[in-house]
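Secondary and tertiary structure notes
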Amino acid sequence: MQNSFPNCLSEIIKTSRDIWSKGWAEANAGNISVRLDPEIFQTEVAFEQRSDWIALGMDFPVLAGECFLVSGRGKYLRNIELSPEKNIGVIELDNSGRKYRVLWGYESGGGPTSELLAHLKAHAIRKKVSKGVERAVIHVHSPNLITLTYALDLDTPRISKLLWEMHAECIVMFPEGVEFVLWMLPGSSELADATAKGLQRRRIAVWQFHGVVATGRNLDAAFGLIDVAEKAAENYLKTMAGGGVKNKLTTQQLQAIVKHFNLKPDTSILNMEI
Ligand code: 13P
Ligand code: ZN
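Structure report, in brief.

**Brief notes about the packing of helix α1 (residues 5–22) against helix α9 (residues 219–241)**
- For the pair α1 and α9, the least separation of the axes is 10 Å and the interaxial angle reads 15°. Judged by the inter-axis angle, α1 sits roughly parallel to α9. Seen along the crossing, α1 lies across α9 with a hand that is right-handed. Residues E11, I12, T15, D18, I19 and K22 of α1 pack against L219, F223 and D227 of α9.
- Of the residues that constitute the contact of α1 with α9, the class distribution is four nonpolar, one polar and four charged.

**With respect to the coordination of the zinc ion (ligand 2)**
- For the zinc ion (ligand 2), the full set of protein donor atoms is H139 (NE2), H141 (NE2) and H210 (NE2), and the range of their distances to it is 2.1 Å.
- Sequence positions of the donors to the zinc ion (ligand 2) reduce to the motif H-x1-H-x68-H. Note that H139 is positioned in strand β6 (residues 136–140) and H210 in the loop between β8 (204–207) and β9 (211–216), a separation of 71 residues in sequence. For the pair H139 and H210, a shared accessibility class is recorded, and that class is buried.

**Structural notes on the nonpolar core**
- Counting residues in hydrophobic clusters, the biggest one holds 58 residues, and the most contacted among them are I12, I19, L69, V90, L148, L163 and F174.
- Excluding its chain neighbours within four sequence positions, the residues that come into contact with L163 are L145, L148, C170, F174, V178, A229, A232 and A233.
- Grouped together as the second largest cluster of nonpolar side chains are 27 residues, F68, L93, L117 and L120 included.

**A closer look at the site of ligand 1**
- Close contacts around ligand 1 come from N28, A29, G30, N31, R73, G74, T113, S114, E115, H139, H141 and H210, and that covers them all.
- A distance of 2.8 Å separates an oxygen atom of ligand 1 from a polar atom in the side chain of N28.
- With respect to ligand 1, the side chain of N31 contributes an N or O atom lying 2.8 Å from an oxygen atom.
- Its free accessible area being 310 Å², ligand 1 has 92% of it covered by the protein chains.
- Residues belonging to the shell around ligand 1 are distributed by class as follows: one nonpolar, nine polar and two charged.

**Concerning the packing of aromatic side chains**
- Summed over all chains, the structure comprises three aromatic pairs.
- Judged by centre distance (4.8 Å) and plane angle (20°), the rings of Y150 and F209 are stacked. Here the residue Y150 occupies a position in helix α5 (residues 143–151), and F209 occupies one in the loop between β8 and β9, the gap between them amounting to 59 residues.
- Under the relative-accessibility criterion, F209 is labelled partly exposed at 35%.

**Quick notes on a nonpolar patch on the surface**
- Together, Y150, W183, L185 and F209 line one region of the surface with nonpolar side chains, adding up to about 460 Å² of accessible area.
- Along the polypeptide, W183 turns up in the loop between β7 (179–181) and α8 (189–199).
- A residue is classified by how much of its surface remains accessible, and W183, at 42% relative accessible area, is partly exposed.

**Notes on helix α6 (residues 156–166)**
- With nine of eleven residues buried, α6 is to be regarded as a mostly interior element.
- Among all positions in α6, only T156, I159, S160, K161, L162, L163, W164, E165 and M166 are buried.
- If you check the start of α6, you find a side-chain oxygen 2.9 Å away from the backbone N of R158, and it comes from D155.

**Quick notes on the pairing of strand β4 (residues 88–93)**
- When you tally the buried positions in β4, you get six out of six residues, the bulk of the element.
- Burial of β4 is two-sided: the residues I88, V90 and E92 facing one way and the residues G89, I91 and L93 facing the other way are all buried.
- Where strand β3 (residues 67–71) and β4 come together, five bridges link them in antiparallel fashion. By the bridge assignment, L69 is partnered in β4 with V90.

Rules used in this analysis
Residues numbered from 1 in each chain as written. Chains lettered and ligands numbered in written order. Predicted model: local features only at pLDDT ≥ 70, side-chain atom pairs only at ≥ 80, totals over all residues. Heavy atoms only, no water. Axes fitted to C-alpha atoms, helices over the stretch in contact; angles between N-to-C directions. Helix = DSSP H or I, 4+ residues; strand = E, 2+ residues; numbered from the N terminus. Parallel < 35°, antiparallel > 145°, perpendicular 65-115°, else oblique. Left-handed = near helix turned anticlockwise from the far one by under 90°. Contact = heavy atoms within 4.5 Å. Nonpolar A, V, L, I, M, F, W, Y, C, P; charged D, E, K, R; others polar. Donors = N, O, S within 2.8 Å, 3.2 Å for Na, K, Ca; no water. Buried < 20%, exposed > 50% of the residue type's maximum accessible area, 1.4 Å probe, protein only. Core = buried A, V, L, I, M, F, W, Y, C linked by side-chain atoms within 4.5 Å. Near = heavy atom within 4 Å. Polar contact = N/O pair within 3.5 Å; in protein donor to acceptor, adjacent residues only side chain to side chain. Areas by Shrake-Rupley, 256 points an atom, 1.4 Å probe, with all protein chains shown as cover. Phe/Tyr/Trp six-rings, centres within 6.5 Å; stacked < 30°, edge-to-face > 60°. Patch = residues over 30% accessible without salt bridge, like charges linked within 9 Å, V, L, I, M, F, W, Y side chains within 5 Å. Salt bridge = Lys/Arg side-chain N within 4 Å of Asp/Glu carboxyl O. Pairing = 2+ DSSP bridges.

So this is what it looks like as structure tokens:
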């Protein structure tokens, strides 16, 4: 049972350990959420109501009645493996999708991540677009992608083409490109809305001066998107530090990859020269 609670718990532990080892989560940076399969997990664990219903401040009708495993606000991802019940929790949305309550976890106090709105907005849009397949959302502070946003004037086409050109895996992993979201207050409903808008077409969004968000059918898929994008950003920054970009994948080479893997890229970005 792939979406069982114990499986999701061990996947979140492994992913948070990997995120920490990669250097993507200083202090309490980063947060993780997984949409649980209610039919499976309700039968496995005797969850009890641990909190009253709490207003979300935004409506999530698509997620009404859904349950999520969500990392805790202010908690260090690296500590999840030491005590999961203190650093993550399970929340359930009510039948209107306007409130949530805690069913399990957050035992040292607090509650779900301060980026809960961005996570739920991402889940809502990707649940629709993927017809229920996508279940995982990861937000991290991956340093090379963040550095790019300080070094360059970026928008969605520019960052997408740059990453495609600097690492051949990128166009294979995210042929639809990378959404670029201008700086907004962390944890705000504006940031959640802007991210969700981009995630209608794409599965990865870079937040200017802050970090990156990715979605996927599971945590491995979301992690993989970030890993590949982060490597391309690293390739670019190291090449710049090593004397500048003299060579990069050409549009023709990218088109050959598209043909070979039968990809459906955003052609307006592919055919653009930067
Ligand atoms: P949380 O500790 O609330 O998850 O916040 C970390 C973070 O990265 C905010 O953007
Ligand atoms: Zn953050």
